[in-house]
Amino acid sequence: MSEIKILNSGEKFAHASVGSLHDFEGKQFVKDATGATSCEISFGTLSKGESIPFFHSHKGNEENYIILSGSGKFQVNDDVFDVAEGSVVRVATNCDRNIKCTSDEKMCYICIQAKEGSLEGYTMTDAEITQRESLL
Ligand code: ZN
């Protein structure tokens, strides 16, 4: 099982890392390390033939799964479809979901859960261009 490390933080940010995704194993939730208030993010890995050991459903949160490596099958209730590196799957509330790795390459994915229907502004309806001097 990999662990998350808090690398640095300030008044307005927190920076944590699970390290190299190539070496990452298991499941790691991120919210407590970063102090996120709008969503929970987790990293997960599955090896060939492995699926999450249980189906689950969420009452208030939708989930967005982002497949970073590997490929396999995704099931939502009785619908099954293929997923692969680059896939993004949104799953609504009140339905069962699971994911299975079928590739020789391990499947690494990120799951972001946030309150369904909570997104109001985004990109340029929420952001504004500012004039700070770059220190990068
Ligand atoms: Zn979930």
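All values derive from a computational prediction rather than experimental measurement.

Participant: Explain the overall build of the protein to me, and be specific about the residues and the numbers.
Facilitator: When its secondary structure is counted, the protein shows one helix and 10 strands. Principal-axis analysis of the C-alpha atoms gives the protein an extent of 50 × 35 × 25 Å. In the protein, which comprises 136 residues, the proportion classed as buried is 31%. Intrachain contacts of the protein at a sequence separation of at least 6 include 62% that bridge at least 24 residues. On the protein, roughly 9300 Å² of surface is accessible, and the fraction owed to carbon and sulfur atoms is 50%.

Participant: Describe the pairing of strand β2 (residues 13–17), naming the residues involved and giving the relevant values.
Facilitator: With five bridges joining them, strand β1 (residues 5–10) and β2 adopt antiparallel strand pairing. Bridge pairing in β2 links I6 to A16. From the end of β1 to the start of β2, which pair antiparallel, there are two residues.

Participant: So, the nonpolar core: which residues are in play, and what are the values?
Facilitator: By size, the foremost hydrophobic cluster in this structure holds 15 residues, and its most contacted members are Y65, F74, V83, V91, I99, M107 and Y109. Within the residue set of this core, elements represented by two or more residues are β5 (61–69), β6 (71–76), β8 (88–91), β9 (97–101) and β10 (107–115). Ranked by the residues each element gives to this core, the list is headed by β10, at three residues. Excluding its chain neighbours within four sequence positions, the residues that come into contact with Y65 are H56, F74, S87, V88, V89, V91, R97, Y109, I110 and C111.

Participant: Explain the sheet that holds strand β7 (residues 79–84) to me, and be specific about the residues and the numbers.
Facilitator: As summarised here, the arrangement of the three strands in space is β7-β6-β9, forming an open sheet in which the pairing is antiparallel. One side of each edge strand has no neighbouring strand; the edge strands of this open sheet are β7 and β9. Within the sheet, the average angular offset between the axes of one strand and its neighbour, ignoring direction, is 25 degrees. Examined bridge by bridge, β6 and β7 share six bridges and lie antiparallel to one another. When the sheet's bridge partners are listed, G72 is paired in β7 with V83.

Participant: Can you tell me about the sheet that holds β8, naming the residues and giving the values?
Facilitator: As summarised here, the arrangement of the five strands in space is β3-β4-β10-β5-β8, forming an open sheet in which the pairing is antiparallel. The open sheet has two edge strands with one neighbour each: β3 (27–29) and β8. The mean angle between the axes of side-by-side strands here comes to 15 degrees, regardless of whether they run parallel or antiparallel. The sheet contact formed by β5 and β8 spans four bridges and is antiparallel. By the bridge assignment for β8, Y65 is matched with V89.

Participant: So, the coordination of the zinc ion: which residues are in play, and what are the values?
Facilitator: Coordination sphere of the zinc ion, protein contribution only: H56 (NE2), H58 (NE2) and E63 (OE), at 1.9 to 2.1 Å. Positions of the donor residues of the zinc ion along the chain correspond to the pattern H-x1-H-x4-E. Judged by relative accessible area, H58 falls into the buried class, the value being 15%.

How each quantity is defined
- Residues numbered from 1 in each chain as written.
- Predicted model: local features only at pLDDT ≥ 70, side-chain atom pairs only at ≥ 80, totals over all residues.
- Heavy atoms only, no water.
- Helix = DSSP H or I, 4+ residues; strand = E, 2+ residues; numbered from the N terminus.
- Buried < 20%, exposed > 50% of the residue type's maximum accessible area, 1.4 Å probe, protein only.
- Contact = heavy atoms within 4.5 Å.
- Areas by Shrake-Rupley, 256 points an atom, 1.4 Å probe, with all protein chains shown as cover.
- Pairing = 2+ DSSP bridges.
- Core = buried A, V, L, I, M, F, W, Y, C linked by side-chain atoms within 4.5 Å.
- Axes fitted to C-alpha atoms, helices over the stretch in contact; angles between N-to-C directions.
- Donors = N, O, S within 2.8 Å, 3.2 Å for Na, K, Ca; no water.

Bear in mind that shape data such as this cannot, by itself, settle questions of function.
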